[in-house]
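Chain by chain, the residues:
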Amino acid sequence: MSSPSTPALETVFQYIDEHQSDYIQRHKEWVAVESDSIQPDLRKEVIRIMALAADRLVALGAIVNLANLGSHQLPDGQDLPLPPVIIGKLVVEPQNPTVTYGHVDVQPAKKEDDWKTDPYTLTEINGNLYGHGAIDNKGPVLAWINAVETFKALKLATPANFKFVIEGMEEARSLGLGKLLQEENQCFFSDVDYVVTLDSLWLSNKKPAFTYESEGNACFFVDVECGSKYLHNGTFGGISHEPLMDLIALLDSLVGDTGHIQIPGIYDSVASLTEEESKLYEPIQFNLEEHKSNSGMKKFLYGTKVLFFFFFFKEEILLHLWLPSLSIHGFEGAFNEPGIKTVIAAKVIGKSSIRQVPHMDLSVVEQQVVEHLESVFSKRSSPMKVSMPLGVKPWLADVNDPLYKAARRAIKTVFGEDPDFIWDGSTVPVARMFQTTMQKSVIMFSIGAADDGECFQNEKISRFLLFTGTLLSAAFFLEIYKLHRHLHENSNTETNN
């Protein structure tokens, strides 16, 4: 890491370095809260982490409101209160502030799910801080808060105004957040210029990156039903339709052995790689062996060219990584216990999803999937039903936007190199939600390395990146200040002219 380039950052860096133990203690307190937004019986823990986050903002001097989102209905008909969303503001100058978005909920995790440590006890091993939420997303939210606190503690002028949006239902599709953004768009968010989300990872273990695209996701259920009860295959095998056989035939028709989606027309709307995007590929730091190690995979479908052709090999696998993909996630209704049970299932449900890239129309994708499955199934005669319980559109930003240029300068200041600009195969609905509702620039600001394992077993953040991420946030604040001042001066000049 290069030395900070301004006196303010040098002082900030020294303060951050001296307060490492304080930051780790806060991180430990937040990770210890089992804020699982998926399991209803842990909703009280989500509400508890929201209170902790609100208290941190109040300690900074922010004005905080816990916005009530009402409740949602569970599959069993029970109404469960949604955790409130924090909307807070810290205004220094009467200038347009930046919105900061983060979430503090997590997906389910247990020690027996191949975790090496207790997921809810932050544990340091070889310079890495392991714990659920360490990188997704409690660590980045705390790094941002710690950076704001540093300016105040040093009695330095805070370079920007802030409006905080922190939710507790991101892992459960951000229930209620979209409605809140729309309701507050002309009030709380009316004077916002930029939106910063804190939820993504780099492509490399070492080189910083900014995500400017996140894929959409269309999830499908395929129901096949042939009877009202399980049947013995010795009595009914060979004379009756078998739902599991039909389902396997359907799922097998979706994707080929090279990962190519076999649904007619699915690639029609995928835009060709532009010359500008091709240039963005060249400096990207991507190591296949590192990628294998991070994922636990021994081999990928692509990238088998020899090392002499490394550039082409890198581009080949990245192109496939950032094309639409289809995955089969499992099925329910059939026997899945150890051993064998010689029965024919009455009904089975297959579950799959398609990750969409920009320019793909969600409704068209749904129609293409249904038509393809109906065509395949017309050769079989047991009843079938296709549904899309979840559909999220992709998000795309402009890397030439002034906000991205400001972020690039902050990376250069702290890390001494330019960041990679990448696509993210995961789906981040809030990025599009903010962009569509507010019509403002949105950036996905990341301090997480590729091997940090967001949402997975042994999730972590390195001690180095936790503190460097705090410094990077401070450097970004300064760049946002310069950007906003520059735009304001240009606006005044145009007005005077």
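How each quantity is defined
Residues numbered from 1 in each chain as written. Predicted model: local features only at pLDDT ≥ 70, side-chain atom pairs only at ≥ 80, totals over all residues. Heavy atoms only, no water. Pairing = 2+ DSSP bridges. Helix = DSSP H or I, 4+ residues; strand = E, 2+ residues; numbered from the N terminus. Axes fitted to C-alpha atoms, helices over the stretch in contact; angles between N-to-C directions. Buried < 20%, exposed > 50% of the residue type's maximum accessible area, 1.4 Å probe, protein only. Arc of directions from axis to C-beta. Phe/Tyr/Trp six-rings, centres within 6.5 Å; stacked < 30°, edge-to-face > 60°. pLDDT = per-residue confidence, 0-100. Contact = heavy atoms within 4.5 Å. Expected span 1.5 Å × (residues − 1). Core = buried A, V, L, I, M, F, W, Y, C linked by side-chain atoms within 4.5 Å. Salt bridge = Lys/Arg side-chain N within 4 Å of Asp/Glu carboxyl O.

### Quick notes on the sheet that holds strand β20 (residues 460–462)
Ordered in space as β6-β7-β20, the three strands form an open sheet in which the pairing is antiparallel. Edge positions in the sheet fall to β6 (123–125) and β20, since each has one partner strand and no second. Neighbour-to-neighbour, the strand axes of this sheet turn through a mean angle of 30°, independent of strand direction. Pairing between strand β7 (residues 128–130) and β20: three bridges, direction antiparallel. Within the sheet, the bridge partner assigned to Leu129 lies in β20 and is Ile461.

### Looking at helix α5 (residues 177–184)
Buried within α5 we find Leu177, Leu180 and Leu181. Seen from one end, α5 has its buried residues packed into an arc of 100°, which puts them on one side. When the buried face of α5 is taken as reference, the exposed residues oriented beyond 90 degrees from it are Lys179 and Gln182.

### Some details on the packing of aromatic side chains
Within the structure shown, the criterion is met by 18 aromatic pairs. On the numbers, 5.9 Å between centres and 85° between planes, the contact of Trp202 with Phe415 is edge-to-face. With Trp202 in the loop between β9 (194–197) and β10 (209–214) and Phe415 in helix α12 (residues 402–415), this pair connects stretches of sequence that are 213 residues apart. The burial state of Trp202 is the same as that of Phe415; both residues are buried. Site record: aromatic cluster; members linked through ring pairs are Trp144, Phe151, Phe162, Phe164, Phe210, Tyr404, Phe421, Phe445, Phe476 and Phe477.

### Some remarks on the confidence of the model for the protein chain
Residues at a pLDDT of 70 or more form 93% of the protein chain, whose mean pLDDT is 89. This stretch, residues 1–5, has a pLDDT under 50; its non-local contacts, to residues over four places away or in other chains, come to 17 contacts. In this model, residues 304–312 is a region of pLDDT below 50 whose contacts with residues beyond four sequence positions or in other chains number five contacts.

### Points about helix α3 (residues 43–59)
The end-to-end C-alpha distance of α3, which contains 17 residues, comes to 25 Å, matching closely the 24 Å that a straight helix rising 1.5 Å per residue would cover. Here α3 has its buried residues at Arg43, Glu45, Val46, Ile49, Met50, Ala53, Ala54, Arg56 and Leu57. Count one or two residues on from α3 and you reach Gly61, which has phi positive near 100°.

### Observations regarding the nonpolar core
Membership of the largest hydrophobic core comes to 135 residues, with the highest contact counts inside it found for Trp144, Val165, Leu177, Ile354, Phe434, Phe445 and Phe476. A per-element tally of this core places helix α14 (residues 463–496) first, with 12 residues. Once residues within four sequence positions are removed from consideration, Phe434 is found in contact with Val99, Tyr101, Val165, Leu181, Val195, Gln439 and Val442.

### A closer look at the pattern of salt bridges
Summed over all chains, the structure comprises 13 salt bridges. Between Asp420 and Lys207 there is a salt bridge, with the nearest N and O atoms lying 2.8 Å from each other. Of the two residues, Asp420 sits in strand β18 (residues 420–424) while Lys207 sits in the loop between β9 and β10, which places them 213 residues apart along the sequence. Just as Asp420 is buried, Lys207 falls in that class too. Close ionic contact of Lys460 with Asp451 constitutes a salt bridge, the shortest N to O distance being 3.3 Å. The exposure class of Lys460 is buried, given its relative accessible area of 7%.

### Focus: the sheet that holds strand β15 (residues 347–356)
By definition, the strands of a sheet pair up through backbone hydrogen bonds, in either a parallel or an antiparallel sense. Strands sit in the order β13-β15-β11-β16 across an open sheet of four strands; the sheet is antiparallel. This sheet does not close on itself; its edge strands, each paired only once, are β13 (325–332) and β16 (384–392). Between one strand axis and the next, the sheet turns through 20° on average, direction left out of account. Bridge count for β13 against β15 is seven bridges, and the pairing is antiparallel. Following the sheet pairing, Gly330 is matched in β15 by Lys351.

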